[in-house]
Amino acid sequence: MINKKLTVKASQKGAKINKEIYGHFSEHLGRCIYNGIYVGEDSDIPNTRGMRNDVVEAMKEMGIPVLRWPGGCFADEYHWMNGIGPKESRVKMINTNWGGVTEDNSFGTHEFMDLCDQIGCEPYISGNVGSGTVREMSEWIEYMTSDNVSPMTDLRKRNGREKPWHLKYLGIGNENWGCGGFMTPEYYANQYRQFQQFCKNYGDNKLYKVACGPNGGDTAWTDKLMSMLNPMIAGAISLHFYTVPTGKWEDKGPATGFDEKLYNETIRETQKMEPIIMDHLAVMDRHDPDHKIGLAVDEWGCWYNVEEGTNPGFLYQQNTMRDAIVASVNLNIFNRHADRIVMANIAQVVNVLQSVILTEGSKMLKTPTYYVFKMYKPHQEAALVEAMLEDTAFDHDGISYTDVSVSASVKDDTLFVTLSNANLKESYTIDTVLDEAFGSYEARILTGAMGDHNTFDQPDNVFDKAYDGVKLSGKEASIVLPPVSVVTIAFKK
Ligand code: AHR
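Numbering of residues starts from 1 in every chain and runs along the sequence as written. Local features are withheld for residues below a pLDDT of 70 in this predicted model, meaning they are given only at 70 or higher, and side-chain atom pairs are given and counted only at 80 or more; totals for whole chains, interfaces and linings count all residues. To obtain the side-chain values, all non-hydrogen atoms of the structure were included, while hydrogens and water were left out.

Colleague: Quick question: what am I supposed to make of the environment of Glu-250 here?
Modeller: The helix count covers DSSP runs of H or I at least four residues long, the strand count covers runs of E at least two residues long, and both are numbered beginning at the N terminus. Topologically, Glu-250 is positioned in the loop between β11 (235-243) and α7 (260-270). Separated by 214 residues in sequence, Glu-250 and Asp-464 place their C-alpha atoms 34 Å apart.

Shown next, in the form of structure tokens:
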């Protein structure tokens, strides 16, 4: 058992933790949209206007504040007009990015907006810069948000939707340094200037535009973009950073059946998120000292080799306790930078990469990552408070990382602390000093062996439970963190 000290300043409220930090991402990729979320009205699987009831219920319980769509790389080959009107006459296309499968466009704008309504979340639309036109994006915004007399408003009404939808978040392209057009930052910045100009605010609807930001640690992209766009970006720039355990895209390592070395490498790799964020924020600060522009980490998560026997273009992977630790580490990082991180979207919500939900036919399971999001829900819209932990750097047979991750927030007189211990063998006791006295607490734990996961035959191997490893006495608490565990504590006055 290792003892470390934690000091929490519960009385000093900092930045609001935007609920959008707990966002998700749904792309026309593999079985994310089709079969995962949308099965169509005629399916035997219980659904509401085609959306799987079990999946929507699970998403609601977990608390999805914002959902990004339709991609990803798919967004820059998506032509929205193909996805409206009678389904039988919708144009079919090839999904060139993801498996070359036929996309029948039966899930389009109306279906996505309906999904967001059913979940109760904000839509985040990713517009097509790579292969689309300024007019096409402009008309999509008009179609969705205008209540005036206009060609697009009329078209929407003819397609059965009288009232405009509310749309706040709009991505102007995706990964335009890669699949979205292989552009230079100068070229993209000029594209951004032009495209955003024609995406109008109709009526009360105010767009929050997200420019395509860097790939991982590419601060040169951030620097050029900020120098050419500030103060034109009335929103955020994005950041994409995936955790690839081996650091090699050609062999990323398996999602299950991994050894301790690969586990430790995964934790070391995922902890790079914090220095990457800080490097970009430092560059952004030089151009935007008043912090008007936010950072949206709108793709993050673990990326492994696909499950054996599945379509390599579908990016289907299992999800273990290792992913739960990764989720906890990253969400704590985002919370700690709540003053600048406006949104984060784990990739992707169902059946793709680090999913919270997996489906197989009519069966559905919640992954360990799902339970972390559910456990962390009280952080949404709470005020960040400082949580200073003694250093827990540890050498794992030559692979060094920080074992314990933490963040804390306050809402309605409740102090909410989230911790995880990534160490495979050592337990920690966290001797906690609070600057205010609390009278009671409720704690929960998610723990198991590093490879533990849920299967369709055994969907309840891993889930969160009430936890009694916490002792509280006024301003002092002792918190035991077993190996490979995520613990949340709500301290009440
Ligand atoms: O999430 C899978 C893919 O990863 C997205 O389509 C793309 O934006 C990124 O490269």
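After that view, the rundown keeps rolling.
Colleague: Is there a simple way to explain the nonpolar core in this structure?
Modeller: Side chains of nonpolar character tend, in soluble globular proteins, to be buried together. Buried Ala, Val, Leu, Ile, Met, Phe, Trp, Tyr and Cys residues that are joined via side-chain atoms within 4.5 Å together make up what is termed a nonpolar core. Each residue's exposure class comes from its accessible area (1.4 Å probe, protein chains only) as a fraction of the maximum for that residue type: buried when under 20%, exposed when over 50%, partly exposed otherwise. With 121 residues, the main nonpolar core has Ile-37, Tyr-263, Ile-277, Trp-300 and Phe-334 as its most contacted residues. Sort the elements by how many residues they give to this core and helix α9 (residues 321-336) lands first, with nine residues. Inspection of this core shows a minimum of three residues originating in each of domain 1 (2-9 + 386-492) and domain 2 (17-382). Residue contacts are counted whenever heavy atoms from the two residues lie within 4.5 Å of one another. What Tyr-263 contacts, discounting residues up to four positions off in sequence, is Phe-258, Arg-322, Ile-325, Tyr-401, Ala-422, Leu-424, Met-450 and Val-484. Core analysis: the second largest hydrophobic core is formed by 27 residues, Ile-2, Leu-415, Val-470 and Ala-477 among them. Throughout the structure description, domain borders are defined by an automatic or database domain assignment.

Colleague: Sorry, what's going on with the sheet that holds strand β24 (residues 465-466) here?
Modeller: Think of a sheet as strands paired side by side through backbone hydrogen bonds, with each pair either parallel or antiparallel. Only strands that DSSP links by at least two bridges are regarded as paired with each other. The antiparallel open sheet is built from six strands, whose spatial order is β16-β20-β21-β26-β23-β24. Each of the sheet's edge strands pairs with one partner strand only, and the pair in question is β16 (383-385) and β24. Here strand β23 (residues 440-447) pairs with β24 via two bridges, running antiparallel. What sits directly across from Arg-444, in β24, is Ala-466. Strands in contact with helix α10 (residues 368-376) are β21 (414-421), β23 and β26 (485-492); relative to β23, the strand with the most contacts, it is inclined by about 165°. In this analysis, axes come from line fits to C-alpha atoms, helices being fitted only over the stretch in contact, and the angle between any two N-to-C directions falls in the range 0 to 180 degrees.

Colleague: Hey, could you run me through the site of the ligand in this one?
Modeller: If a single non-hydrogen atom of a residue is within 4 Å of a molecule or strand, that residue counts as near it. Around the ligand, a shell composed of 13 residues is seen, among which Glu-27, Cys-73, Glu-175, Tyr-242 and Glu-299 lie nearest. In the complex, 94% of the free accessible area of the ligand, which totals 280 Å², lies under the protein chains. Accessible surface area values rest on a Shrake-Rupley calculation with a 1.4 Å probe, where residue burial reflects the displayed protein chains alone.

Colleague: Sorry if this is basic, but what is going on with the pattern of salt bridges here?
Modeller: Note that side chains of opposite charge can pair when their charged atoms are close. Salt bridge criterion: a side-chain nitrogen from Lys or Arg within 4 Å of a carboxyl oxygen from Asp or Glu. Counted under the stated rule, the structure contains 26 salt bridges. Among the ionic pairs, Glu-139 bridges to Arg-135, the shortest N-O distance being 2.9 Å. One end of the pair is Glu-139 and the other is Arg-135, both in helix α3 (residues 134-145) and four residues apart, which spans about a single turn. We classify Arg-135 as exposed; its relative accessible area is 59%. The closest approach of N and O atoms between Glu-265 and Lys-261, which form a salt bridge, is 3.1 Å. Of this pair, Glu-265 and Lys-261 both sit in helix α7, separated by four residues, roughly a single helical turn.

Colleague: What am I meant to see in the domain arrangement of the protein here?
Modeller: Accessible area lost upon the coming together of the parts is a frequently used measure of interface size. Here the domain parsing of the protein yields domain 1 (2-9 + 386-492) and domain 2 (17-382). In this structure, domain 1 and domain 2 have C-alpha centres spaced 29 Å apart. Counting residues at the interface gives 42 residues for domain 1, matched by 44 residues for domain 2. Defined here as a combined quantity, buried area equals the accessible surface (1.4 Å probe) lost by two parts on assembly, summed across both. The contact between domain 1 and domain 2 buries some 3,300 Å² in all, and 65% of this surface belongs to carbon and sulfur atoms. Ranking the residues of domain 1 by area buried against domain 2 places Ile-399, Met-450 and Phe-456 at the top, with a combined share of 23%. Here domain 1 is connected to domain 2 by three salt bridges. Between Glu-260 and Lys-425 there is a salt bridge, and its shortest N-O distance comes to 3.0 Å. What qualifies as a polar contact is a pair of N or O atoms within 3.5 Å, subject to a donor-acceptor requirement within protein and to the restriction that residues adjacent in sequence count only when both atoms come from side chains. Joining domain 1 to domain 2, the criterion identifies 20 residue pairs in polar contact (both at pLDDT 80 or more). Among the secondary structure elements, those contributing two or more residues to the side of domain 1 that touches domain 2 are β19 (399-402), β20 (404-411), β21, β23 and β26. Element by element, the count of residues in the side of domain 1 that touches domain 2 is highest for β20, at seven residues.

Colleague: Got a minute to help me understand the state of the cysteines in this structure?
Modeller: By definition, a disulfide links the sulfur atoms of two cysteine residues through a covalent bond. The disulfide definition used here is simple: a pair of cysteine sulfur atoms within 2.5 Å. Here the structure, examined in full by the defined rule, presents one disulfide. What pairs with Cys-73 in a disulfide is Cys-179, and their sulfur atoms sit 2.2 Å apart. Judged by the sign of its S-S torsion, about -90°, the cystine formed by Cys-73 and Cys-179 is left-handed. With Cys-73 in the loop between β5 (66-69) and β6 (93-94) and Cys-179 in the loop between β9 (169-172) and α5 (185-197), the pair connects residues that are 106 residues apart, well separated along the chain. In this model Cys-199 remains outside any disulfide bridge; the closest cysteine sulfur is found in Cys-212, 15 Å from its own.

Colleague: I would appreciate a short explanation of unusual backbone geometry in the present structure.
Modeller: Trans is the common state for peptide bonds, and a negative phi is the common state for residues other than glycine. Put simply, Gly-71 and Gly-72 share a cis peptide bond, and its omega is 10°. Mapped onto the fold, Gly-72 is located in the loop between β5 and β6. In this model, Ala-347 is joined to Gln-348 through a cis peptide bond whose omega is -10°. Despite not being glycine, Asn-35 has its phi angle at roughly 80°, a positive value. As for its placement among the helices and strands, Asn-35 is situated in the loop between β2 (23-25) and β3 (47-48). Accessibility expressed as a relative area gives 44% for Asn-35, which makes it partly exposed. Even without a glycine there, the phi angle at Glu-175 is positive, about 40°. Checked against the element boundaries, Glu-175 lands in the loop between β9 and α5.

Colleague: Help me understand the sheet that holds strand β17 (residues 387-389) in this model?
Modeller: Strand order in the open sheet made by the four strands is β17-β1-β22-β25, with mixed pairing throughout. If you trace the sheet from one side to the other, it starts and ends with β17 and β25 (470-481), each paired once. Within this sheet the neighbouring strands show an average axis-to-axis angle of 25°, counted without direction.

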